[in-house]
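Coordinates in review
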Amino acid sequence: SQQGEEDPQALSIQEGENATMNCSYKTSINNLQWYRQNSGRGLVHLILIRSNEREKHSGRLRVTLDTSKKSSSLLITASRAADTASYFCATDARETSGSRLTFGEGTQLTVNP
Amino acid sequence: DTAVSQTPKYLVTQMGNDKSIKCEQNLGHDTMYWYKQDSKKFLKIMFSYNNKELIINETVPNRFSPKSPDKAHLNLHINSLELGDSAVYFCATTSRQSRANVLTFGAGSRLTVL
């Protein structure tokens, strides 16, 4: 089954800096999503980009998608200490057996105040 | 009012025991999932139910048995627990009517098998 790979596995930056996380996947997708997970919590959906879109913005988040390279990036601008969390990409490859999201391995982001 | 609630949040038990985790959603979604997150935070899908019908069943030991008594509930029963079952189990929901498969997750149930 398809599995996303993210890099870096861990990223540590100072408050105010930008954070970029990358995700690669292997098969055709309908859309790609990014989720955030705070320590000890469930995942929270951040943003979705469809396969026919190349870039999307939501507040301080910017997502790009390159279907020819099967890769996506998540940029968080002007980071804050509260952005410290794990970030996961997830690909939606609809199948006859039912939709499923396949998650990447995640990037642990630490924003130092 | 929590949209997707799981109980218990923490579960510590001995090897060989049988335990259950429950999930309830009040979003009116028709599809519910169980995911397992291991110690390296890797998330793997286990099961999916749509309108009480099992539609995804990954390669999971048959010691794991999901049950959906109605659209709002999805429970996970685990028999003969093993050390390797220790993980955080997440319930998630979505609506197949929406074009995008966006998941709403519960807070997780951390299972520790001693």
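None of the values given here were measured: they were computed from a predicted structure.

**Let's talk about the pattern of salt bridges**
Across all of its chains, the model carries 7 salt bridges over all chains by this definition. Notably, a salt bridge pairs D83(A) with R36(A), separated by 3.9 Å at the nearest N-O pair. Residue D83(A) is found in the loop between β8 (71-76) and β9 (85-92), and its partner R36(A) is found in strand β4 (residues 31-37); the two are separated by 47 residues along the sequence. Across this residue pair, the class does not change: D83(A) and R36(A) are buried. Taking the shortest distance from any N to any O, the salt bridge between E58(B) and R100(A) comes out at 2.7 Å. Within this pair, whereas E58(B) is found in the loop between β6 (53-57) and β7 (64-70), its partner R100(A) is found in the loop between β9 and β10 (101-103), the two belonging to separate chains. Within this structure, R36(A), R60(A) and D83(A) form a network of salt bridges that share partners.

**Let's talk about the sheet that holds strand β1 (residues 5-7) of chain A**
Residue and element names in this part refer to chain A. One open sheet accounts for 5 strands, arranged β1-β3-β8-β7-β6; its pairing is antiparallel. Every other strand in the sheet has two partners, leaving β1 and β6 (55-58) as the edge strands with one partner each. Mean inter-strand twist for the sheet, computed between neighbouring axes without regard to direction, equals 15 degrees. In the sheet, strand β7 (residues 61-66) pairs with β8 via 6 bridges, with the strands oriented antiparallel. The partner of R62 across the bridge, within β8, is L75.

**A word on the interface of chain A and chain B**
Taken together, the 24 residues of chain A in the interface contact 23 residues of chain B. Taken together, the connections running from chain A to chain B amount to 1 salt bridge. Our enumeration of links across chain A and chain B arrives at 7 residue pairs in polar contact (both at pLDDT 80 or more). Residue assignment for the side of chain A that touches chain B shows that the elements contributing at least two residues are β4, β5 (43-50), β9 and β10 of chain A. Looking at the side of chain A that touches chain B, its residues break down into 6 nonpolar, 12 polar and 6 charged.

**Thoughts on the confidence of the model for chain A**
Across chain A, the average pLDDT comes to 91, with 91% of residues at 70 or higher. Averaged over each element, pLDDT in chain A is lowest for β1(A) (80) and highest for β7(A) (98).

**Things to note about the sheet that holds strand β8 (residues 73-78) of chain B**
Residue and element names in this part refer to chain B. One open sheet accounts for 4 strands, arranged β1-β3-β8-β7; its pairing is antiparallel. Since the sheet does not close on itself, it has two edges, and those belong to β1 (4-7) and β7, each with one partner. Averaged over all neighbouring strand pairs, the angle between strand axes comes to 15 degrees, with direction disregarded. Strand direction decides the pairing type here: strand β3 (residues 19-25) and β8, joined by 4 bridges, are antiparallel. Looking at the pairing, S20 lines up with H77 of β8.

**Section: the environment of C91(B)**
All names here are of chain B. Checked against the element boundaries, C91 lands in strand β9 (residues 87-94). C91 sits 58 residues away from Y33 along the chain, and the two C-alpha atoms are 5.6 Å apart. Other than its neighbours up to four places away in sequence, C91 contacts V4, Q6, C23, M32, Y33, W34, T104, F105 and G106.

**Remarks on the nonpolar core**
In this structure, M21(A), L32(A), W34(A), L74(A), I76(A), Y87(A) and L109(A) are the most contacted members of the largest nonpolar core, which totals 21 residues. Sorting the residues of this core by element identifies β2 (10-14), β3 (19-24), β4, β5, β7, β8, β9 and β11 (107-112) of chain A as the ones contributing at least two each. With residues up to four places along the chain from it excluded, the contact list for Y87(A) reads E6(A), M21(A), Y35(A), R36(A), L46(A), L74(A), I76(A), G106(A), T107(A) and L109(A). Within the second largest apolar cluster, 20 residues are counted, among which are I21(B), F64(B), A87(B) and V113(B).

**Concerning the environment of N38(A)**
Residues and elements named next belong to chain A. Relative to the helices and strands, N38 resides in the loop between β4 and β5. Between the alpha carbons of N38 and T107 there is a distance of 12 Å; along the sequence they are 69 residues apart. Excluding anything up to four places from it in sequence, N38 contacts T84 and A85. A distance of 2.8 Å separates a polar atom in the side chain of N38 from a polar atom in the side chain of R36.

Cut-off values and rules
- Residues numbered from 1 in each chain as written.
- Chains lettered and ligands numbered in written order.
- Predicted model: local features only at pLDDT ≥ 70, side-chain atom pairs only at ≥ 80, totals over all residues.
- Heavy atoms only, no water.
- Salt bridge = Lys/Arg side-chain N within 4 Å of Asp/Glu carboxyl O.
- Helix = DSSP H or I, 4+ residues; strand = E, 2+ residues; numbered from the N terminus.
- Buried < 20%, exposed > 50% of the residue type's maximum accessible area, 1.4 Å probe, protein only.
- Pairing = 2+ DSSP bridges.
- Axes fitted to C-alpha atoms, helices over the stretch in contact; angles between N-to-C directions.
- Contact = heavy atoms within 4.5 Å.
- Polar contact = N/O pair within 3.5 Å; in protein donor to acceptor, adjacent residues only side chain to side chain.
- Nonpolar A, V, L, I, M, F, W, Y, C, P; charged D, E, K, R; others polar.
- pLDDT = per-residue confidence, 0-100.
- Core = buried A, V, L, I, M, F, W, Y, C linked by side-chain atoms within 4.5 Å.

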